[in-house]
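In case you want the letters, here they are:
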Amino acid sequence: MLPFVVAATAIAALAQPSTFTWVSKELYAPALGGIMLSIGIRLSINDFALAFKRPIPLSIGFIAQYVLKPALGVLIARAFGMSRIFYAGFVLMSCVAGAQLSSYASFLSKGDVALSILLTSSTTIASVLVTPLLTGLLLGSVVPVDAVAMSKSILQVVLVPVTLGLLLNTYAKPVVNVLGPLMPFVAMICTSICIGSPLAINRSQILSTEGLRLVLPVLTFHVVAFTVGYLVSKIPALRQEEEVSRTISLCTGMQSSTLAGLLATQFLGSSQAVPPACSVVAMAIMGLFLASFWGSGSRIRDLPSKLMPQGGSTVEV
């Protein structure tokens, strides 16, 4: 249901801003904490032990997430001559961890779900240090970035709820059995809040000429990110199985834009939360469409023949 909720949230926020303008900045952190808790209760100590047994695919995914994608964000923002009111938020969006939705997308695509969960979890935990460092490095000359304060914020809204979920799943199984079925709905409501509020508050800027010019860079960013994630895992020296390549592609193209939106609101200004909010809508629709394409048994290499079927006739001799 999440793609439909995301689309409905975007429409409601732009058509009837009062639906979400009541959401204050103070609610962003608890809302994102709810999303992170839903990740944590699915983790166990064994998941992290498994990570050390699969260093190559995890390393490829990590590099794609925190090296290739930030560089891609800067290149696209500059290539499109992005307005200053959105530039910092767009770059920040490219520096955050993978989205939990990518695990569901991996499931739909018949990819490696275990790898997806491990990759999302490891990049989420690493974001406490990596995201502030990358943001300060890439944006320090554009806007002032308090990397220490940003790190503390991520620690509070990411690491604490994820750790709490992990502890509950390890030592309080009865509690998890009760919370487990409810958490997807909690995460969905929290995601809706984190998307709808910045869209509603910045509606006039989004629907302005500058705002509408943001659509193409956001779409381009995700298309290229999905593509780069897939291709880098097919480099001959690193060549991975098809299931792994699909998973890395989805994890690279789908990042935690809700976290980027929270950080942008706290440290960069409300208008800088617009690119992450637009990104959530784009990545949910594009990522799940790609996952469904793969899940139906189709392959990227088959696209040319599907788009341009070969015509011709046969001659019997």
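Structure's up top.
What you see is a predicted model; the values in this text were computed from it and never measured.

## Digging into the pattern of salt bridges
And step 1. Counted according to the given criterion, the structure contains two salt bridges.
And step 2. The salt bridge involving Glu242 is made with Lys234; its shortest N-O contact spans 3.3 Å.
And step 3. According to the relative accessible area criterion, Lys234 is buried, its value standing at 16%.
And step 4. Here Glu242 ties to Arg246 by a salt bridge, and the two come within 3.0 Å at their closest N and O atoms. Linking Glu242 with Arg246, this pair stays in helix α14 (residues 242-253), spanning four residues, or about one helical turn.

## Some details on the packing of α14 against helix α16 (residues 274-295)
And step 1. Interhelical geometry of α14 versus α16 gives an angle of 170 degrees and a closest axis separation of 10 Å. Classed by the angle they form, the pair α14 and α16 counts as roughly antiparallel. Seen from α14, the contacting residues are Glu242, Arg246, Ser249, Leu250 and Gly253; seen from α16, they are Met283, Gly287, Leu290, Ala291 and Trp294.
And step 2. Counted by class, the contact of α14 with α16 contains five nonpolar, three polar and two charged residues.

## What about the packing of aromatic side chains?
And step 1. Counted by the stated rule, this structure contains three aromatic pairs.
And step 2. Ring centres of Tyr230 and Trp294 lie 5.7 Å apart, and the angle between their planes is 25 degrees; on these two criteria the pair is classed as stacked. A residue pair is termed long-range when its members are at least 10 positions apart, and Tyr230 in helix α13 (residues 215-232) and Trp294 in helix α16 qualify at 64 residues.
And step 3. Given a relative accessible area of 14%, Tyr230 falls into the buried group.

## Thoughts on the environment of Phe4
And step 1. Relative to the elements of secondary structure, Phe4 occurs in helix α1 (residues 2-15).
And step 2. Assessed through its relative accessible area of 68%, Phe4 is described here as exposed.
And step 3. Phe4 sits 281 residues away from Ile285 along the chain, and the two C-alpha atoms are 8.6 Å apart.

Quick notes on the rules
Along each chain, numbering runs from 1 in the same order as the chain's sequence is written. Two thresholds apply to this predicted model, a pLDDT of at least 70 for residue-level local features and 80 or more for giving and counting side-chain atom pairs, whereas whole-chain, interface and lining totals are computed over all residues. Hydrogens and water molecules were not included; the side-chain quantities draw on all heavy atoms of the structure. Here a salt bridge means any side-chain nitrogen of Lys or Arg lying within 4 Å of a carboxyl oxygen belonging to Asp or Glu. Exposed residues in this analysis have more than 50% of their type's maximum accessible area, buried residues have under 20%, and partly exposed residues fall in between, with area computed by a 1.4 Å probe over protein chains only. Going along the chain from the N terminus, every DSSP run of H or I of four or more residues is numbered as a helix, and every run of E of two or more is numbered as a strand. A fitted line through C-alpha atoms represents every axis, and for helices the fit uses only the stretch in contact; the resulting angles, taken between N-to-C directions, go from 0 to 180 degrees. Relative orientations are named as follows: roughly parallel for angles under 35 degrees, roughly antiparallel for angles over 145 degrees, roughly perpendicular for angles from 65 to 115 degrees, and oblique for any other angle. We call two residues in contact when some of their heavy atoms are within 4.5 Å. Think of it as three bins: nonpolar holds Ala, Val, Leu, Ile, Met, Phe, Trp, Tyr, Cys and Pro, charged holds Asp, Glu, Lys and Arg, and polar takes everything else, Gly as well. Each Phe, Tyr or Trp ring, with Trp reduced to its six-membered ring, pairs with another whose centre is within 6.5 Å; inter-plane angles below 30 degrees give stacked pairs, above 60 give edge-to-face pairs, and intermediate values give tilted ones.

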